[in-house]
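Structural overview for review
As a plain string of letters, each chain reads:
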Amino acid sequence: MGRPPKVWCRKQTGAFYCTINGQRVYLGKDREVADRKFHDLMARPQDARQQGTTLYELCQLFLDWVEANRAKGTYYSSKLYLRSFIDNVGKRMKVGDLKPYHVCDWYEGLRKSPTKAEVAAAEAAGRKAIGKKITTTSQNDAASAVSRMLNWAVERGHIDFNPIATLKRPKRQRRDVCYRPGEWDVIMRHATGPLIDFLRFMELTGCRPIEARIVEARNICDDQVIYEVKNSKGQIERRVIFLVEEAKAILERLSSQQKSGPLFRNTKGNPWTKDAIVCRMKRIRVKASEELGYDVPAMAYGARHTYATTALQNGVDSTVVANLMGHRNTTMVARTYSHLTKNPEHLRKQAKAAIRGRG
């Protein structure tokens with residue numbers, strides 16, 4: 001029969017430990033605190049394993065799994081946030097010591113890299129440049145990366161419970177930019193070169209920007225664009241984009257010029273990147289706002305939102321809209337395009353349609 005667990009001291013460091021089920025647990029350097037922590041662990045033996053596992057170790061295991069089983073973008077995003085998190089809390093922090101406030105303090109302190117203008121202004125003022133705080137959407141992404149790692153560790157049996165399961169994450173900012181009649185025309189008028197085809201294709205199909213960026217000739221099947229499961233959002237089932245004649249003509253023209261690789265490319269012949277498109281849309285925003293006389297956000301995603309809004313206003317069933325846009329159900333459509341319920345003109349038309357055909 002094994003010896004019962006007890007508190008013991010390491011003379012070299014003056015720190016107290018205990019060993020439970022073969023797992024050495026650090027209890028601190030204060031004997032009173034160590035005894036109290038030890039009795040808590042004995043009352044909840046399932047916590048002992050978490051007290052001995054470091055967050056750094058879990059991060060390494062989780063990132064190895066993500067790299068092997070998820071898309072590259074997911075891996076790099078997770079790696080970016082988790083590396084920052086570990087730098088903040090330290091490599092020695094145990095899972096059992098993690099509290100929600102550790103995560104909150106970390107993501108609330110995250111900042112973007114300062115722009116060249118901010119660096120120049122700071123240097124002129126004789127101070128160090130610091131970037132702006134990240135948005136609540138990015139804070140949500142950061143908190144989700146940590147929570148996702150811990151949930152994965154619970155599922156795999158590395159730990160017994162997620163210590164931040166009750167953490168409420170910041171709300172994501174809505175990207176429901178929807179253009180009024182004429183606004184998108186002005187934006188398209190200021191688009192130049194190969195970007196015109198890219199934006200026009202999004203306008204005609206309602207696809208996501210990433211889906212337009214990665215489409216290749218091999219994905220085209222008559223009047224459909226079909227992506228493999230690994231290239232579809234969520235990686236659950238194949239994504240199918242249905243092509244109207246003009247969208248089909250754009251792809252046929254581009255595929256005759258580009259036999260392999262992404263069809264939509266910039267003036268240098270390189271595939272469009274997310275940052276390149278954002279940069280071009282920022283320039284268009286300035287010109288479009290000057291022409292319209294008011295500030296209008298210019299973003300590629302706006303074409304997708306406008307597509308869905310127009311379809312719903314034209315009486316297309318929300319289930320059909322969800323399928324056309326690549327959503328698995330109508331929940332996302334209802335949540336994202338709820339602004340239609342606040343459009344009096346649309347509601348008037350629907351009120352009449354609701355009783356059409358009655359005597």
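Residues numbered from 1 in each chain as written. Predicted model: local features only at pLDDT ≥ 70, side-chain atom pairs only at ≥ 80, totals over all residues. Heavy atoms only, no water.

1. Observations concerning the overall build of the chain
Threshold: Strands here are runs of E lasting at least two residues and helices are runs of H or I lasting at least four, both read from the DSSP assignment and numbered beginning at the N terminus. Residue burial considers only the protein chains on display, and all accessible areas are found by Shrake-Rupley using a 1.4 Å probe.
Along the chain, the regular secondary structure elements total 16 helices and six strands. As displayed, the chain has an accessible area near 21800 Å², and 51% of this comes from carbon and sulfur atoms.

2. Looking at the packing of helix α13 (residues 301–313) against helix α14 (residues 318–325)
Where we set the bar: In this analysis an axis means a line fitted to C-alpha atoms, helices contributing only their contacting stretch, and an angle means the value between N-to-C directions, from 0 to 180 degrees. In what follows, roughly perpendicular refers to angles from 65 to 115 degrees, roughly parallel to angles under 35, roughly antiparallel to angles over 145, and oblique to any angle outside these ranges. Should the near helix be turned anticlockwise from the far one by less than a right angle, the crossing is left-handed, and should it be turned clockwise, the crossing is right-handed. Between two residues, a contact is recorded if the distance between any of their heavy atoms is within 4.5 Å. Asp, Glu, Lys and Arg are counted as charged, while Ala, Val, Leu, Ile, Met, Phe, Trp, Tyr, Cys and Pro are counted as nonpolar; the rest, among them Gly, fall into the polar class.
Between α13 and α14, the least distance of the axes is 10 Å, while the angle of their chain directions is 155 degrees. It follows from the interaxial angle that α13 and α14 lie roughly antiparallel. Taken as a pair, α13 and α14 cross one another with a handedness that is right-handed. Contacts between α13 and α14 involve Arg-304, Tyr-307, Ala-308, Ala-311 and Leu-312 from the first element and Ser-318, Val-321, Leu-324 and Met-325 from the second. Along the lines of polarity and charge, the residues of the contact of α13 with α14 split into seven nonpolar, one polar and one charged.

3. Some words on the nonpolar core
Stated formally: Only buried residues count toward a nonpolar core, which is a set of Ala, Val, Leu, Ile, Met, Phe, Trp, Tyr and Cys residues joined through side-chain atoms within 4.5 Å. Only protein chains enter the accessibility calculation, which uses a 1.4 Å probe; a residue whose area is less than 20% of its type maximum is buried, one above 50% is exposed, and one in between is partly exposed.
Formed by 35 residues in total, the largest nonpolar core has its most connected members in Phe-198, Leu-199 and Phe-264. Elements supplying a minimum of two residues to this core: α8 (183–190), α9 (195–205), β5 (224–227), α11 (245–257) and α12 (274–292). Top contributing element to this core by residue count: α9, with six residues. With sequence-adjacent residues up to four places away left out, Leu-199 is seen in contact with Trp-184, Met-188, Ala-191, Met-281 and Ala-300. One finds Cys-59, Val-66, Leu-82 and Ala-145 within the second-largest nonpolar core, a separate group that totals 32 residues.

4. Details of the packing of helix α3 (residues 55–69) against helix α4 (residues 72–89)
The N-to-C vectors of α3 and α4 enclose an angle of 175 degrees; their axes lie 10 Å apart at closest approach. The orientation of α3 relative to α4 falls into the category roughly antiparallel. Across the interface between the two elements, Leu-55, Tyr-56, Cys-59, Phe-62, Leu-63, Val-66 and Glu-67 from α3 touch Thr-74, Tyr-75, Ser-78, Lys-79, Leu-82, Phe-85, Ile-86 and Val-89 from α4.

5. Focus on the environment of Lys-248
We apply this condition: In the analysis that follows, any N or O atom pair within 3.5 Å is treated as a polar contact, provided that within protein one partner can donate a hydrogen and the other can accept it, and provided that, for residues neighboring in sequence, both atoms belong to side chains.
In this fold, Lys-248 is placed in helix α11. Relative accessible area serves as the criterion here: at 18%, Lys-248 is assigned to the buried category. Distance from Lys-248 to Asp-222, taken between C-alpha atoms, is 8.2 Å for residues 26 residues apart in sequence. Filtering out sequence-adjacent residues up to four positions away, Lys-248 remains in contact with Asp-222, Asp-223 and Leu-243. A polar atom in the side chain of Lys-248 sits 3.2 Å from the side chain of Asp-222.

6. Observations concerning the pattern of salt bridges
Just so we agree on the cut-off: Basic side-chain nitrogens of Lys or Arg form a salt bridge, by our definition, when they fall within 4 Å of a carboxyl oxygen of Asp or Glu.
Considering all chains together, one arrives at 14 salt bridges under this definition. Where Arg-172 meets Asp-141, a salt bridge forms, and the shortest distance between an N and an O atom there is 2.5 Å. With a gap of 31 residues between them, Arg-172 in the loop between α7 (136–156) and α8 and Asp-141 in helix α7 connect regions that are remote in the sequence. Exposure remark for Arg-172: the relative accessible area of 46% places this residue in the partly exposed category. Across the pair Glu-216 and Arg-218 runs a salt bridge whose closest N-O atoms are separated by 3.0 Å. Residue Glu-216 is classed as buried on the basis of its relative accessible area, which comes to 18%. When salt bridges that share partners are traced, they join Arg-200, Glu-203 and Glu-246 into one network.

7. With respect to α13
Put simply, the rule reads: Multiplying one less than the number of residues by 1.5 Å gives the expected span of a helix.
For α13, spanning 13 residues, the distance from its first C-alpha to its last is 19 Å, which sits close to the expected 18 Å at 1.5 Å a residue. In terms of burial, α13 is a largely internal element, 10 of the 13 residues being buried. Among the residues of α13, Tyr-301, Gly-302, Ala-303, Arg-304, His-305, Thr-306, Ala-308, Thr-309, Ala-311 and Leu-312 are the ones counted as buried. Directly beyond the C-terminal end of α13, a positive phi value near 90 degrees is found at Gly-315.

8. Quick look at α8
If you check which residues of α8 are buried, you get Glu-183, Trp-184, Val-186, Ile-187 and Met-188. Of the surrounding elements, those touching the buried residues of α8 are α9, α12 and α13.

9. As for the confidence of the model for the chain
Rule in force here: The quantity known as pLDDT measures the predictor's confidence residue by residue, on a range of 0 to 100.
Looking at the chain, the pLDDT average stands at 84 and 86% of residues meet or exceed 70. No element of the chain has a lower mean pLDDT than helix α2 (residues 47–52), which averages 54, and none a higher one than helix α5 (residues 100–108), which averages 95.

10. Here's the deal with unusual backbone geometry
A positive phi angle, close to 60 degrees, is found at Asp-222, a residue other than glycine. Position of Asp-222 relative to the elements: it lies in the loop between β4 (220–221) and β5.

11. So, the packing of aromatic side chains
Rules: Each Phe, Tyr or Trp ring (for Trp, its six-membered ring) is paired with any other whose centre lies within 6.5 Å, and the angle between the two planes then decides the class: stacked below 30 degrees, edge-to-face above 60, tilted in between. Note on geometry: a ring has a charge over it if NZ (lysine) or CZ (arginine) is within 6 Å of the ring centre and within 35 degrees of the ring normal.
For the coordinates displayed, the defined rule picks out nine aromatic pairs. Taking 5.1 Å as the distance between ring centres and 65 degrees as the angle between the ring planes, the aromatic pair formed by Phe-85 and Trp-106 counts as edge-to-face. Separated by 21 residues along the polypeptide, Phe-85 in helix α4 and Trp-106 in helix α5 bring together distant segments of the chain. Judged by its relative accessible area of 0%, Phe-85 falls in the buried class. Three or more aromatic residues link up through ring pairs in this structure, and these residues are Phe-62, Trp-65 and Trp-152. Directly above the ring of Tyr-17 sits Arg-10, whose terminal nitrogen or CZ lies 5.3 Å from the centroid.

12. Remarks on the sheet that holds strand β6 (residues 239–242)
Strand pairing in a sheet is mediated by backbone hydrogen bonds. Such pairs are either parallel or antiparallel. The cut-off we apply is this: The criterion for strand pairing is that DSSP finds at least two bridges linking the strands in question.
Taking strand neighbours across the sheet as the criterion, the three strands line up as β4-β5-β6 in an open arrangement whose pairing is antiparallel. Looking at which strands have only one partner, the edges of the open sheet turn out to be β4 and β6. Here two bridges tie β4 to β5, and the two strands are oriented antiparallel to one another. Across the sheet, the residue bridging to Cys-221 is Gln-224, located in β5.

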